[in-house]
Amino acid sequence: MGVSIKEVAARAGVSVGTVSNVLNRPDMVKAETVEKVHAAIDELGYVPNSAAQQLREGQSRSIGFVALDVRNPFFTDVASGAERAAAQAGLSVLLANSAESVERETWNIELFERQRVRGVLVSPLAEGLERLRDVRRRGIPVVLVDRGTEDTTFPSVAVDDVAGGELAAGHLLDGGRRRLVFVGGPTSIRQVSDRYRGAAAAVAGVDDATITSIETDGLSLQEGMRVGAELCESVASGRVDAILAANDLLAIGVEQGLLGGDHPVTIPGDVALVGYDDISFAAAAVVPITSVRQPRELLGETAVALLEEVRRPGAAPRQVVFEPELVVRASSGPPA
């Protein structure tokens, strides 16, 4: 059994209310009393019950973040940025993983609600936001992360993924590639569909260029390897000369599947490859992968700032959109 606040008060010779003020509002207490109470705390080894304190105050000092897939370094970088911004405000970030599952996303959000977090940052899977509106109606603000929205009642921070897809495909087309394949899914994920939409728009502007789409079950390394192995024959026969992956994990997997497949192909000689997110592993791949860069940590920092903004009475929610940047590496060089 831990030391109670009553024991601290008795040892310091003050009231329980005075101890509470020393812990929460020391500016209201005389300096010598503060010193006396802290001496008693140190002597008894008292640890304040912050959870109970937060319940009494009606708010937590923690922010919940529901990431799309914590296995993806992109989201751990976003979380790192959020954690740094939160720490500067005296807050903490609780990280949860939806693992690209609507059911797990809902479960995590409900858990954060029960914990009465200060707010929820979420990269939502579904297009519909009604579940998040319910959370907001119950007094917990919500910020959309890595996801734009037409609903301007939600604060959001994202990168223009349509522009990113167009940037990636335009780079491949400028390099002389004409038979493009887009790899990514499920297409119900807004980021995936936006990136494909941008790529398709770029291809539509070039008369002799085509683009086809291969939908994957997830945005994982394993799915990329599977698709890469399946595309080997098409690349070797010249039916495909460029691949745009919806994220870097897929791109790395595609590269491994192509290089280790039954039909020997070269990158970029036979096929150019572009990923998305610019995680550190993209530059470290066997053939360093060209990628569309997102300001990952800045997304997290901005999400926390937007949350704190929207908590202020009368504050209007903002939608922040960053522009993507193409980082060119060996994987998208000219054809052989």
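First things first, this report covers the structure right here in the doc. (Residues numbered from 1 in each chain as written. Predicted model: local features only at pLDDT ≥ 70, side-chain atom pairs only at ≥ 80, totals over all residues. Heavy atoms only, no water.)

## Some points on the overall build of the chain
Test applied: Runs of E in the DSSP output that reach at least two residues are strands. Runs of H or I that reach at least four are helices, and both are numbered from the N terminus. What the globule rule says is 2.2 Å times the number of residues to the power 0.38, and the radius of gyration is computed from C-alpha atoms. For each residue, the accessible area found with a 1.4 Å probe, counting protein chains only, is set against the maximum for its type, and the residue is called buried under 20%, exposed over 50%, and partly exposed in between. In this description, contact between two residues means that some pair of their heavy atoms is separated by no more than 4.5 Å.
Helix and strand counts for the chain come out as 13 helices and 12 strands. Relative to the compact-globule value of 20 Å for 336 residues, the chain shows a C-alpha radius of gyration of 25 Å, a clear excess of over 25%. With the C-alpha coordinates aligned to their principal axes, the bounding extent of the chain is approximately 85 × 40 × 30 Å. The 336 residues of the chain split such that 50% are buried. Contacts spanning at least 24 positions in sequence make up 71% of the contacts within the chain whose residues lie at least 6 apart.

## Notes on the sheet that holds strand 5 (residues 156-159)
Note the threshold: Two strands form a pair only when DSSP identifies at least two bridges running between them. The convention used is that axes are lines fitted to C-alpha atoms, helices contributing only their stretch in contact, and that angles between N-to-C directions extend from 0 to 180 degrees.
Read across the open sheet, the 6 strands follow the order 2-1-3-4-5-11; overall the sheet is parallel. Taken across any chain shown, the strands that pair with only one partner, and hence form the sheet edges, are strand 2 (92-97) and strand 11 (319-322). Neighbour to neighbour, the strand axes of the sheet diverge by 15° on average, direction disregarded.

## Comments concerning the side chain of Asp151
How we decide: Within 3.5 Å is the distance limit for a polar contact, defined as a pair of N or O atoms, with the added protein rule that one can donate a hydrogen and the other accept it, and that residues adjacent in sequence qualify only through two side-chain atoms.
Tracing the backbone shows Asp151 in the loop between strand 4 (142-145) and strand 5. One polar contact links Asp151 to Thr153, side chain to side chain, over a distance of 2.5 Å. In contact with Asp151, not counting residues within four places along its chain, are Leu129 and Arg133.

## Remarks on the pairing of strand 9 (residues 272-277)
Stated precisely, the cut-off is as follows: Seen with its strands pointing away from the viewer, a crossover is right-handed when the path leading from the first strand over the helix to the second is clockwise.
Counting buried positions along strand 9 gives 6 out of 6 residues, so the element sits mostly inside the fold. Pairing of strand 8 (residues 242-245) with strand 9 involves 3 bridges; the strand directions are parallel. From the neighbouring strand, Ile243 faces strand 9, where its bridge partner is Leu273. Since strand 8 and strand 9 lie parallel, the crossover through helix 11 (residues 248-259) that links them has a hand, and here it is right-handed. Judged from the 4 bridges that link them, strand 9 and strand 10 (residues 290-293) form a sheet pairing that is parallel. Paired with Gly275 across the bridge in strand 10 is Ser291.

## Here we look at the side chain of Ser101
Following the sequence through the fold, Ser101 ends up in the loop between strand 2 and helix 6 (102-114). Residue class for Ser101 comes out buried when judged on its relative accessible area of 17%. Polar side-chain contacts of Ser101 include one of 3.2 Å to the backbone nitrogen of Arg104.

## Regarding the nonpolar core
Nonpolar side chains tend to gather and get buried jointly when the protein is soluble and globular. Under the convention used in this document: As used in this record, nonpolar core signifies buried Ala, Val, Leu, Ile, Met, Phe, Trp, Tyr and Cys residues forming a set joined through side-chain atoms within 4.5 Å.
Grouped together as the largest cluster of nonpolar side chains are 71 residues, with contacts concentrated most on Phe65, Leu121, Val157, Leu180, Ile243 and Leu258. When residues of this core are assigned to their parent elements, the largest contribution, 7 residues, is made by helix 5 (residues 73-88). Non-local contacts of Phe65, meaning those with residues more than four positions away in its chain, are made with Phe75, Val78, Ala79, Val93, Leu94, Leu95, Ala96, Phe112, Leu121, Val122, Ser123 and Val145. Formed by 14 residues, the second largest nonpolar core is a distinct cluster that contains Leu129, Leu132, Leu144 and Phe154.

## Some points on unusual backbone geometry
Gly185 connects to Pro186 through a cis peptide bond whose omega is -5°. Counting through the fold element by element, Pro186 comes out in the loop between strand 6 (179-183) and helix 9 (190-204). The step from Ile267 to Pro268 runs through a cis peptide bond, and the omega angle for that step is 10°. Here the phi dihedral of Asp278 falls at roughly 60°; this positive angle occurs in a residue that is not glycine. With respect to the secondary-structure elements, Asp278 resides in the loop between strand 9 and helix 12 (280-283).

## Comments concerning the sheet that holds strand 12 (residues 325-327)
The sheet built from 6 strands is open, its strands ordered 7-6-8-9-10-12 with mixed pairing. Edge positions in the open sheet fall to strand 7 (210-214) and strand 12, since each of these has one partner strand only. This sheet shows a mean twist of 20° between the axes of neighbouring strands, independent of strand direction. Across the sheet, helix 9 is in contact with strand 6, strand 7, strand 8 and strand 9; its angle to strand 7 comes to roughly 165°. Contacts from helix 11 reach strand 6, strand 8, strand 9 and strand 10 within the one sheet, and its direction differs from that of strand 9 by about 155°.

## Comments concerning empty space enclosed by the protein
Just so we agree on the cut-off: Here a cavity is any set of points on a 1 Å grid over the protein atoms alone where a 1.4 Å probe fits but cannot get out, and a pocket is any open set with protein on both sides within 12 Å along at least 5 of 7 lines; a residue lines the site when it has an atom within 4 Å of a point. Grid points are joined across faces, edges and corners, and a volume is the space filled by probe spheres set on the points. The residue classification treats Ala, Val, Leu, Ile, Met, Phe, Trp, Tyr, Cys and Pro as nonpolar and Asp, Glu, Lys and Arg as charged. All others, Gly included, are polar.
In this structure the tally under the stated criterion is 1 cavity of 30 Å³ or more. Taken as a whole, the largest cavity encloses approximately 80 Å³ of empty space. Around the largest cavity, the lining residues are Leu68, Asn72, Phe74, Phe75, Asp146, Ile189, Gln191, Arg195, Leu219, Asn247, Asp277 and Gln294. Those elements giving two or more residues to the lining of the largest cavity turn out to be helix 5 and helix 9. Among the residues making up the lining of the largest cavity, the classes are represented as 5 nonpolar, 4 polar and 3 charged.

## Section: the layout of surface pockets
In this structure, the largest pocket occupies an estimated 200 Å³ of space. Along its surface, the largest pocket is lined by 15 residues, and Gly148, Val159, Asp160, Asp161 and Asp194 are the ones closest to its centre. Those elements that provide at least two residues to the lining of the largest pocket are strand 5, helix 8 (161-174) and helix 9. In terms of residues, the lining of the largest pocket owes the most to one element, helix 9, which gives 4 residues.

Bear in mind that shape data such as this cannot, by itself, settle questions of function.
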